Amino acid sequence: MNITTTTEQYIRERLTKGVREGGRDLFSFRNINLEVGRMPNAEGSAEINLGNTKVLVGIKLDVGEPMRDKPDEGSIMTGAELLPLAHHTYDAGPPSAEAVELARVVDRGIRAAGVIDLKKLFIEEEKAWNVFIDVYVLNYDGNLFDAATLAAVAALNTSKMPKYEDEKVVRENMGKLEISNICTSCTYAKVADTIILDTDGNEEDFSVARLTVANDEKAVRAMQKGLGGSFTTKELDTLVDTTFEKSKALRKIIQGIKGD
Amino acid sequence: MGNNKILAAVYGPREALPKHISDPDRAIIKCRYTMAPFSSLEEHGRPGMNRRAIEISKVTKEVFENVVLLDLFPGNEVSIFIEVLQSDGGTRAAGITCASVALAASGIPMRDMPYAVSVGKVGDTLILDMNKIEDNYSNADMPIAINPRMKEISLLQMDGELTPKQIHEGTEMVLKAGETISKLQREALRRPYEKVQEKYQASI
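Residues numbered from 1 in each chain as written. Chains lettered and ligands numbered in written order. Predicted model: local features only at pLDDT ≥ 70, side-chain atom pairs only at ≥ 80, totals over all residues. Heavy atoms only, no water.

A.B. asks: Would you take a moment to explain the overall build of chain B for this structure?
C.D. replies: A tally of helices and strands in chain B yields four helices and seven strands. Taken from N to C terminus, the helices and strands of chain B fall in the order β-β-α-β-α-β-β-α-β-β-α. Relative to its length of 204 residues, chain B is compact, with a C-alpha radius of gyration of 18 Å against a globular reference of 17 Å. With respect to the three principal axes, the spread of C-alpha positions in chain B is 55 × 50 × 40 Å. Looking at chain B as a whole, 44% of its 204 residues qualify as buried. In chain B, the proportion of contacts linking residues at least 24 apart, taken out of those at least 6 apart, comes to 71%. For chain B, the accessible area works out to roughly 10,400 Å², and carbon and sulfur atoms hold 55% of it. (Helix = DSSP H or I, 4+ residues; strand = E, 2+ residues; numbered from the N terminus. Rg over C-alpha atoms; globule rule 2.2 N^0.38 Å. Buried < 20%, exposed > 50% of the residue type's maximum accessible area, 1.4 Å probe, protein only. Contact = heavy atoms within 4.5 Å. Areas by Shrake-Rupley, 256 points an atom, 1.4 Å probe, with all protein chains shown as cover.)

A.B. asks: Explanation requested: the interface of chain B and chain A in the structure shown.
C.D. replies: The accessible area lost on association of the parts is a frequent measure of interface size. Counting residues at the interface gives 30 residues for chain B and 35 residues for chain A. Of the roughly 2,900 Å² buried between chain B and chain A, counting both surfaces, carbon and sulfur atoms make up 52%. Looking at the side of chain B facing chain A, the largest losses of area belong to R51, E55 and L156 of chain B, adding up to 21% of the total buried there. A salt bridge links E55 of chain B to R104 of chain A; the shortest N-O distance between them is 2.5 Å. Here chain B and chain A share 16 residue pairs in polar contact (both at pLDDT 80 or more) between them. Breaking the side of chain B that touches chain A down by element, the ones donating at least two residues are α1 (51-65), β7 (152-162) and α4 (164-203) of chain B. (Buried area = accessible area lost by both parts, 1.4 Å probe. Salt bridge = Lys/Arg side-chain N within 4 Å of Asp/Glu carboxyl O. Polar contact = N/O pair within 3.5 Å; in protein donor to acceptor, adjacent residues only side chain to side chain.)

A.B. asks: Looking at this structure, I do not really get unusual backbone geometry. What am I missing?
C.D. replies: Trans is the prevailing form of peptide bonds, just as negative phi is the prevailing case for residues other than glycine. A cis amide bond links G12 of chain B with the next residue in sequence, P13 of chain B, at an omega value of 0°. Counting through the fold element by element, P13 of chain B comes out in strand β1 (residues 5-15). The amide bond that connects L17 of chain B to the next residue, P18 of chain B, takes the cis arrangement and shows omega of -10°. Among the secondary structure elements, P18 of chain B is positioned in the loop between β1 and β2 (28-35). For E126 of chain A, which is not glycine, the phi torsion reads 65° and is therefore positive. Residue placement: E126 of chain A occurs in the loop between β5 (122-124) and β6 (127-139).

Written as C-alpha coordinates, this is what we have:
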(Lines give C-alpha, C1' and ligand atoms only; values in the text may rest on other atoms or scores of the structure.)
Protein backbone atom coordinates (compact mmCIF):
# COMPACT_ATOMS: atom_id res chain seq x y z
CA MET A 1 0.00 0.00 0.00
CA ASN A 2 1.31 3.42 -0.89
CA ILE A 3 0.21 6.55 0.88
CA THR A 4 0.81 9.60 -1.28
CA THR A 5 1.38 12.67 0.80
CA THR A 6 0.31 16.14 -0.23
CA THR A 7 3.96 17.13 -0.69
CA GLU A 8 4.69 14.20 -2.97
CA GLN A 9 1.59 14.88 -5.05
CA TYR A 10 2.55 18.54 -5.31
CA ILE A 11 6.11 17.75 -6.41
CA ARG A 12 4.95 15.09 -8.91
CA GLU A 13 2.32 17.33 -10.48
CA ARG A 14 4.74 20.20 -10.85
CA LEU A 15 7.48 17.99 -12.30
CA THR A 16 5.21 16.68 -15.04
CA LYS A 17 4.86 20.34 -16.07
CA GLY A 18 8.62 20.79 -15.79
CA VAL A 19 8.36 23.28 -12.92
CA ARG A 20 10.10 23.21 -9.57
CA GLU A 21 10.18 25.14 -6.32
CA GLY A 22 11.49 28.66 -6.88
CA GLY A 23 10.59 28.51 -10.58
CA ARG A 24 13.74 26.73 -11.73
CA ASP A 25 13.75 24.12 -14.49
CA LEU A 26 14.72 20.44 -14.27
CA PHE A 27 18.44 20.94 -14.88
CA SER A 28 19.34 24.07 -12.98
CA PHE A 29 21.04 24.53 -9.64
CA ARG A 30 19.56 26.60 -6.83
CA ASN A 31 21.37 29.80 -5.89
CA ILE A 32 24.96 29.13 -4.93
CA ASN A 33 26.69 31.32 -2.42
CA LEU A 34 30.26 30.31 -1.69
CA GLU A 35 32.57 32.10 0.73
CA VAL A 36 36.09 31.12 1.68
CA GLY A 37 38.28 31.85 4.69
CA ARG A 38 35.40 31.96 7.17
CA MET A 39 37.33 29.92 9.73
CA PRO A 40 40.73 31.63 10.00
CA ASN A 41 42.19 29.05 12.40
CA ALA A 42 41.93 26.42 9.69
CA GLU A 43 44.47 26.43 6.86
CA GLY A 44 41.56 26.63 4.44
CA SER A 45 37.80 26.86 4.77
CA ALA A 46 34.73 27.41 2.67
CA GLU A 47 31.08 27.78 3.48
CA ILE A 48 28.51 27.11 0.83
CA ASN A 49 24.84 27.91 0.75
CA LEU A 50 23.17 25.89 -1.98
CA GLY A 51 19.58 27.03 -1.58
CA ASN A 52 18.97 26.22 2.07
CA THR A 53 21.67 23.55 2.23
CA LYS A 54 24.58 24.87 4.23
CA VAL A 55 27.92 23.06 4.34
CA LEU A 56 31.19 24.16 5.90
CA VAL A 57 34.49 22.57 4.91
CA GLY A 58 37.67 23.01 6.93
CA ILE A 59 41.17 22.08 5.75
CA LYS A 60 44.00 21.27 8.13
CA LEU A 61 47.51 20.09 7.24
CA ASP A 62 49.73 18.07 9.51
CA VAL A 63 52.94 16.13 9.20
CA GLY A 64 52.73 12.39 9.61
CA GLU A 65 54.00 9.12 8.23
CA PRO A 66 53.14 8.39 4.60
CA MET A 67 50.79 5.50 3.84
CA ARG A 68 52.70 2.22 3.85
CA ASP A 69 51.85 1.41 0.22
CA LYS A 70 52.78 4.96 -0.96
CA PRO A 71 55.99 5.81 0.93
CA ASP A 72 56.84 8.81 -1.29
CA GLU A 73 53.48 10.59 -1.15
CA GLY A 74 51.41 12.66 1.23
CA SER A 75 47.81 11.72 1.90
CA ILE A 76 44.29 13.08 1.91
CA MET A 77 41.75 12.16 4.56
CA THR A 78 38.16 13.18 4.08
CA GLY A 79 35.55 13.00 6.80
CA ALA A 80 31.92 14.09 6.85
CA GLU A 81 29.78 14.98 9.84
CA LEU A 82 26.04 15.14 9.52
CA LEU A 83 25.54 17.34 12.59
CA PRO A 84 22.38 16.63 14.61
CA LEU A 85 21.49 20.32 14.35
CA ALA A 86 21.36 20.09 10.56
CA HIS A 87 18.28 17.89 10.24
CA HIS A 88 15.76 16.11 12.44
CA THR A 89 16.80 12.70 11.14
CA TYR A 90 20.49 13.15 12.02
CA ASP A 91 21.73 11.65 15.26
CA ALA A 92 24.90 12.08 17.27
CA GLY A 93 27.27 9.12 17.32
CA PRO A 94 29.63 7.32 14.95
CA PRO A 95 29.29 8.27 11.26
CA SER A 96 26.26 6.72 9.56
CA ALA A 97 26.59 4.86 6.24
CA GLU A 98 25.16 8.03 4.66
CA ALA A 99 27.98 10.16 6.12
CA VAL A 100 30.64 7.64 5.12
CA GLU A 101 29.30 7.59 1.55
CA LEU A 102 29.28 11.40 1.36
CA ALA A 103 32.88 11.62 2.58
CA ARG A 104 34.09 8.88 0.26
CA VAL A 105 32.40 10.29 -2.85
CA VAL A 106 33.82 13.78 -2.20
CA ASP A 107 37.22 12.21 -1.55
CA ARG A 108 37.07 10.10 -4.71
CA GLY A 109 36.43 13.08 -6.98
CA ILE A 110 39.23 15.16 -5.44
CA ARG A 111 41.66 12.25 -5.45
CA ALA A 112 40.91 11.00 -8.97
CA ALA A 113 41.09 14.49 -10.45
CA GLY A 114 44.45 15.05 -8.79
CA VAL A 115 43.29 18.32 -7.21
CA ILE A 116 46.33 17.96 -4.96
CA ASP A 117 49.50 16.37 -6.30
CA LEU A 118 50.27 13.98 -3.46
CA LYS A 119 53.89 13.55 -4.60
CA LYS A 120 54.48 17.23 -3.79
CA LEU A 121 53.37 16.65 -0.20
CA PHE A 122 56.33 14.38 0.47
CA ILE A 123 58.84 15.93 2.88
CA GLU A 124 61.52 13.36 3.68
CA GLU A 125 61.80 9.69 4.49
CA GLU A 126 58.84 8.70 6.67
CA LYS A 127 57.51 12.26 6.69
CA ALA A 128 54.81 13.73 4.51
CA TRP A 129 51.93 16.18 4.74
CA ASN A 130 48.48 14.81 5.51
CA VAL A 131 45.63 16.94 4.22
CA PHE A 132 42.49 16.68 6.34
CA ILE A 133 39.27 17.67 4.59
CA ASP A 134 36.38 17.87 7.06
CA VAL A 135 32.90 18.31 5.69
CA TYR A 136 30.47 19.77 8.24
CA VAL A 137 26.82 19.75 7.24
CA LEU A 138 25.24 22.69 9.06
CA ASN A 139 21.81 22.63 7.46
CA TYR A 140 20.29 19.93 5.27
CA ASP A 141 18.04 20.74 2.34
CA GLY A 142 19.15 18.17 -0.23
CA ASN A 143 22.15 17.60 -2.51
CA LEU A 144 24.95 17.40 0.02
CA PHE A 145 27.26 15.78 -2.56
CA ASP A 146 27.61 18.80 -4.86
CA ALA A 147 27.61 21.30 -2.00
CA ALA A 148 30.38 19.41 -0.19
CA THR A 149 32.52 18.89 -3.31
CA LEU A 150 32.25 22.56 -4.33
CA ALA A 151 33.09 23.78 -0.83
CA ALA A 152 35.95 21.29 -0.41
CA VAL A 153 37.59 22.23 -3.72
CA ALA A 154 37.11 25.96 -3.03
CA ALA A 155 38.63 25.52 0.43
CA LEU A 156 41.62 23.61 -0.97
CA ASN A 157 42.03 26.15 -3.76
CA THR A 158 42.41 28.98 -1.22
CA SER A 159 44.14 27.00 1.52
CA LYS A 160 47.38 28.06 3.13
CA MET A 161 50.40 25.78 3.44
CA PRO A 162 52.24 25.55 6.76
CA LYS A 163 56.00 25.13 6.84
CA TYR A 164 58.00 22.30 8.30
CA GLU A 165 61.08 23.62 10.08
CA ASP A 166 63.31 21.85 12.63
CA GLU A 167 60.93 18.91 12.96
CA LYS A 168 58.04 21.28 13.72
CA VAL A 169 54.99 22.48 11.85
CA VAL A 170 55.12 26.28 11.64
CA ARG A 171 51.80 28.02 11.01
CA GLU A 172 53.17 31.54 10.63
CA ASN A 173 53.66 33.42 7.37
CA MET A 174 52.17 30.53 5.49
CA GLY A 175 52.32 30.26 1.72
CA LYS A 176 49.59 28.87 -0.52
CA LEU A 177 48.75 25.20 -0.91
CA GLU A 178 49.54 24.23 -4.50
CA ILE A 179 46.52 23.03 -6.45
CA SER A 180 46.94 20.99 -9.65
CA ASN A 181 43.38 20.65 -10.91
CA ILE A 182 39.79 21.64 -10.19
CA CYS A 183 36.92 19.22 -10.05
CA THR A 184 33.21 19.72 -9.45
CA SER A 185 30.25 17.40 -9.33
CA CYS A 186 26.65 17.30 -10.54
CA THR A 187 24.13 15.12 -8.73
CA TYR A 188 20.94 14.00 -10.43
CA ALA A 189 17.93 12.22 -9.01
CA LYS A 190 14.98 10.38 -10.42
CA VAL A 191 11.73 11.62 -8.93
CA ALA A 192 8.51 10.19 -10.33
CA ASP A 193 10.25 9.05 -13.56
CA THR A 194 11.66 12.52 -14.13
CA ILE A 195 15.38 13.18 -13.80
CA ILE A 196 16.34 16.43 -12.13
CA LEU A 197 19.55 18.16 -11.09
CA ASP A 198 20.28 19.42 -7.55
CA THR A 199 17.38 18.08 -5.51
CA ASP A 200 16.14 20.02 -2.51
CA GLY A 201 15.18 18.18 0.69
CA ASN A 202 11.56 17.57 -0.33
CA GLU A 203 12.50 16.28 -3.77
CA GLU A 204 15.15 14.06 -2.20
CA ASP A 205 12.54 12.48 0.09
CA PHE A 206 10.79 11.13 -3.00
CA SER A 207 13.87 10.31 -5.07
CA VAL A 208 14.20 6.67 -6.12
CA ALA A 209 17.67 6.83 -7.67
CA ARG A 210 20.59 9.22 -7.47
CA LEU A 211 23.67 9.71 -9.65
CA THR A 212 26.69 11.86 -8.87
CA VAL A 213 29.13 12.63 -11.69
CA ALA A 214 32.37 14.43 -10.78
CA ASN A 215 34.50 15.80 -13.59
CA ASP A 216 37.24 18.21 -14.56
CA GLU A 217 37.56 19.99 -17.91
CA LYS A 218 38.75 16.87 -19.72
CA ALA A 219 37.13 13.78 -18.29
CA VAL A 220 34.81 12.19 -15.80
CA ARG A 221 36.75 11.54 -12.59
CA ALA A 222 34.29 9.85 -10.26
CA MET A 223 30.74 8.57 -10.24
CA GLN A 224 28.41 7.13 -7.67
CA LYS A 225 24.92 5.81 -8.05
CA GLY A 226 22.84 5.75 -4.91
CA LEU A 227 19.40 4.72 -3.61
CA GLY A 228 17.33 1.68 -4.54
CA GLY A 229 16.31 2.74 -8.05
CA SER A 230 18.11 2.36 -11.37
CA PHE A 231 19.19 4.21 -14.50
CA THR A 232 19.27 3.03 -18.10
CA THR A 233 22.54 3.19 -20.04
CA LYS A 234 20.99 5.87 -22.25
CA GLU A 235 20.14 7.99 -19.23
CA LEU A 236 23.71 7.56 -18.00
CA ASP A 237 25.17 8.79 -21.31
CA THR A 238 22.86 11.83 -21.30
CA LEU A 239 23.68 12.74 -17.71
CA VAL A 240 27.42 12.47 -18.35
CA ASP A 241 27.06 14.90 -21.28
CA THR A 242 24.87 17.25 -19.23
CA THR A 243 27.52 17.28 -16.51
CA PHE A 244 30.17 18.65 -18.86
CA GLU A 245 27.83 21.46 -19.81
CA LYS A 246 26.72 22.28 -16.25
CA SER A 247 30.15 22.02 -14.66
CA LYS A 248 31.52 25.01 -16.58
CA ALA A 249 29.58 27.44 -14.39
CA LEU A 250 30.58 25.60 -11.21
CA ARG A 251 34.25 25.68 -12.15
CA LYS A 252 33.94 29.44 -12.79
CA ILE A 253 32.56 29.97 -9.30
CA ILE A 254 35.56 28.24 -7.75
CA GLN A 255 38.07 29.98 -10.00
CA GLY A 256 36.43 33.34 -9.29
CA ILE A 257 37.05 33.13 -5.55
CA LYS A 258 40.42 34.32 -4.40
CA GLY A 259 41.62 33.78 -0.85
CA ASP A 260 43.72 36.35 0.97
CA MET B 1 35.57 -15.13 -10.20
CA GLY B 2 39.27 -15.81 -10.85
CA ASN B 3 41.16 -15.99 -7.59
CA ASN B 4 38.35 -14.32 -5.65
CA LYS B 5 36.78 -16.63 -3.11
CA ILE B 6 33.57 -15.15 -1.80
CA LEU B 7 30.74 -16.60 0.26
CA ALA B 8 27.27 -15.10 0.30
CA ALA B 9 24.50 -16.10 2.67
CA VAL B 10 20.92 -14.93 2.93
CA TYR B 11 18.56 -15.05 5.92
CA GLY B 12 14.92 -14.09 5.85
CA PRO B 13 12.38 -12.85 5.36
CA ARG B 14 12.27 -12.65 9.16
CA GLU B 15 11.10 -10.09 11.67
CA ALA B 16 13.07 -6.87 11.25
CA LEU B 17 15.12 -6.11 14.35
CA PRO B 18 15.66 -3.81 16.16
CA LYS B 19 11.98 -2.95 15.96
CA HIS B 20 12.46 0.77 15.23
CA ILE B 21 14.16 0.09 11.89
CA SER B 22 11.31 -2.04 10.56
CA ASP B 23 9.04 -0.60 7.88
CA PRO B 24 5.31 -1.36 8.23
CA ASP B 25 4.84 -1.03 4.44
CA ARG B 26 7.62 -3.26 3.15
CA ALA B 27 10.58 -5.47 4.00
CA ILE B 28 13.98 -3.91 4.57
CA ILE B 29 17.27 -5.25 3.24
CA LYS B 30 20.32 -5.48 5.43
CA CYS B 31 23.68 -6.05 3.84
CA ARG B 32 27.09 -6.66 5.34
CA TYR B 33 30.16 -6.93 3.09
CA THR B 34 33.35 -7.81 4.94
CA MET B 35 36.83 -8.96 4.01
CA ALA B 36 38.68 -11.57 6.00
CA PRO B 37 41.89 -10.16 7.54
CA PHE B 38 43.99 -12.67 5.58
CA SER B 39 42.18 -12.18 2.28
CA SER B 40 44.52 -9.82 0.48
CA LEU B 41 47.90 -10.40 -1.17
CA GLU B 42 49.22 -7.46 0.81
CA GLU B 43 49.38 -6.78 4.52
CA HIS B 44 47.07 -8.15 7.22
CA GLY B 45 43.77 -6.28 7.29
CA ARG B 46 41.58 -5.58 10.28
CA PRO B 47 38.51 -7.76 10.64
CA GLY B 48 35.05 -6.24 10.46
CA MET B 49 33.80 -3.04 8.90
CA ASN B 50 36.04 -0.20 7.79
CA ARG B 51 34.78 2.84 5.88
CA ARG B 52 35.22 1.10 2.53
CA ALA B 53 33.16 -1.87 3.72
CA ILE B 54 30.42 0.43 5.04
CA GLU B 55 30.13 2.11 1.65
CA ILE B 56 30.18 -1.17 -0.30
CA SER B 57 27.55 -2.66 2.03
CA LYS B 58 25.35 0.38 1.40
CA VAL B 59 25.55 0.32 -2.40
CA THR B 60 25.12 -3.47 -2.45
CA LYS B 61 22.02 -3.16 -0.26
CA GLU B 62 20.63 -0.67 -2.78
CA VAL B 63 21.16 -3.14 -5.66
CA PHE B 64 18.92 -5.69 -3.95
CA GLU B 65 16.34 -3.14 -2.78
CA ASN B 66 15.84 -2.61 -6.48
CA VAL B 67 14.91 -6.22 -7.30
CA VAL B 68 13.50 -7.94 -4.21
CA LEU B 69 9.70 -7.69 -4.01
CA LEU B 70 9.79 -5.88 -0.69
CA ASP B 71 6.05 -5.11 -0.62
CA LEU B 72 5.33 -8.79 0.01
CA PHE B 73 6.91 -8.86 3.47
CA PRO B 74 5.98 -5.75 5.48
CA GLY B 75 7.77 -5.47 8.82
CA ASN B 76 10.38 -8.06 7.81
CA GLU B 77 14.04 -8.00 6.90
CA VAL B 78 16.15 -9.90 4.40
CA SER B 79 19.80 -10.05 5.50
CA ILE B 80 22.60 -10.57 3.04
CA PHE B 81 26.09 -11.43 4.26
CA ILE B 82 29.00 -11.25 1.83
CA GLU B 83 32.31 -12.53 3.13
CA VAL B 84 35.42 -12.10 0.99
CA LEU B 85 37.76 -14.92 1.98
CA GLN B 86 40.32 -14.31 -0.73
CA SER B 87 40.46 -11.17 -2.82
CA ASP B 88 41.88 -10.54 -6.26
CA GLY B 89 40.21 -7.37 -7.53
CA GLY B 90 36.56 -6.66 -8.26
CA THR B 91 35.30 -8.20 -5.03
CA ARG B 92 32.26 -5.94 -4.69
CA ALA B 93 31.08 -6.97 -8.16
CA ALA B 94 31.75 -10.66 -7.54
CA GLY B 95 29.97 -10.36 -4.17
CA ILE B 96 26.85 -8.99 -5.84
CA THR B 97 26.83 -11.67 -8.55
CA CYS B 98 27.20 -14.27 -5.80
CA ALA B 99 24.60 -12.81 -3.39
CA SER B 100 22.15 -12.59 -6.26
CA VAL B 101 22.31 -16.37 -6.73
CA ALA B 102 22.02 -16.89 -2.96
CA LEU B 103 18.83 -14.81 -2.89
CA ALA B 104 17.32 -16.69 -5.81
CA ALA B 105 18.35 -20.05 -4.30
CA SER B 106 16.64 -19.17 -1.04
CA GLY B 107 13.40 -18.53 -2.92
CA ILE B 108 13.14 -14.83 -2.16
CA PRO B 109 10.87 -13.30 -4.80
CA MET B 110 12.78 -10.98 -7.13
CA ARG B 111 11.86 -9.22 -10.34
CA ASP B 112 15.34 -9.82 -11.77
CA MET B 113 18.65 -11.52 -10.94
CA PRO B 114 21.35 -8.85 -10.94
CA TYR B 115 24.98 -9.41 -11.83
CA ALA B 116 27.92 -7.08 -11.50
CA VAL B 117 31.30 -6.65 -13.13
CA SER B 118 33.89 -3.94 -13.21
CA VAL B 119 35.36 -2.13 -16.23
CA GLY B 120 38.87 -0.80 -15.90
CA LYS B 121 41.24 1.17 -18.08
CA VAL B 122 44.92 0.41 -18.49
CA GLY B 123 46.61 2.96 -20.71
CA ASP B 124 43.83 3.77 -23.19
CA THR B 125 42.40 0.26 -23.30
CA LEU B 126 39.18 -0.65 -21.55
CA ILE B 127 39.29 -4.05 -19.91
CA LEU B 128 36.67 -6.11 -18.13
CA ASP B 129 36.94 -7.54 -14.63
CA MET B 130 40.44 -6.47 -13.60
CA ASN B 131 42.41 -8.60 -11.20
CA LYS B 132 44.50 -6.99 -8.46
CA ILE B 133 47.67 -6.69 -10.57
CA GLU B 134 45.81 -5.07 -13.47
CA ASP B 135 44.07 -2.80 -10.97
CA ASN B 136 47.44 -1.61 -9.63
CA TYR B 137 48.35 -0.34 -13.12
CA SER B 138 44.92 0.99 -14.08
CA ASN B 139 43.87 4.61 -14.35
CA ALA B 140 40.14 4.03 -14.02
CA ASP B 141 37.81 1.56 -12.36
CA MET B 142 34.05 1.44 -12.89
CA PRO B 143 32.07 -1.31 -11.12
CA ILE B 144 28.56 -1.72 -12.52
CA ALA B 145 25.60 -3.89 -11.50
CA ILE B 146 22.88 -4.66 -14.04
CA ASN B 147 19.35 -5.99 -13.89
CA PRO B 148 19.64 -8.09 -17.07
CA ARG B 149 15.95 -8.35 -17.96
CA MET B 150 15.43 -4.61 -18.20
CA LYS B 151 19.12 -3.72 -18.74
CA GLU B 152 18.96 -1.23 -15.87
CA ILE B 153 22.00 -0.01 -13.96
CA SER B 154 21.47 -0.57 -10.25
CA LEU B 155 25.04 0.08 -9.11
CA LEU B 156 27.54 2.41 -10.66
CA GLN B 157 30.72 3.69 -9.15
CA MET B 158 33.76 5.06 -10.86
CA ASP B 159 37.04 6.70 -10.13
CA GLY B 160 39.97 7.60 -12.30
CA GLU B 161 39.68 9.19 -15.71
CA LEU B 162 37.13 8.27 -18.39
CA THR B 163 35.70 10.20 -21.31
CA PRO B 164 31.94 10.07 -22.02
CA LYS B 165 32.73 7.77 -24.98
CA GLN B 166 34.68 5.38 -22.77
CA ILE B 167 31.84 5.34 -20.24
CA HIS B 168 29.46 4.41 -23.04
CA GLU B 169 31.76 1.67 -24.34
CA GLY B 170 32.34 0.41 -20.80
CA THR B 171 28.64 -0.03 -20.09
CA GLU B 172 28.24 -1.83 -23.44
CA MET B 173 31.01 -4.24 -22.41
CA VAL B 174 29.26 -4.89 -19.10
CA LEU B 175 25.94 -5.58 -20.87
CA LYS B 176 27.65 -8.00 -23.24
CA ALA B 177 29.46 -9.80 -20.39
CA GLY B 178 26.09 -10.23 -18.74
CA GLU B 179 25.10 -12.92 -21.23
CA THR B 180 27.89 -15.14 -19.91
CA ILE B 181 27.57 -14.19 -16.25
CA SER B 182 23.79 -14.61 -16.11
CA LYS B 183 24.15 -18.02 -17.73
CA LEU B 184 26.70 -19.07 -15.09
CA GLN B 185 24.38 -17.79 -12.36
CA ARG B 186 21.48 -19.86 -13.68
CA GLU B 187 23.71 -22.93 -13.95
CA ALA B 188 24.84 -22.47 -10.35
CA LEU B 189 21.18 -22.27 -9.30
CA ARG B 190 20.29 -25.44 -11.16
CA ARG B 191 23.33 -27.51 -10.10
CA PRO B 192 22.17 -28.83 -6.68
CA TYR B 193 18.87 -30.00 -8.20
CA GLU B 194 20.60 -31.72 -11.08
CA LYS B 195 22.71 -33.64 -8.57
CA VAL B 196 19.57 -34.77 -6.74
CA GLN B 197 18.01 -35.75 -10.02
CA GLU B 198 21.08 -37.79 -11.03
CA LYS B 199 21.04 -39.58 -7.69
CA TYR B 200 17.32 -40.25 -8.01
CA GLN B 201 17.70 -41.58 -11.52
CA ALA B 202 20.58 -43.82 -10.47
CA SER B 203 18.46 -45.25 -7.69
CA ILE B 204 15.60 -46.39 -9.92
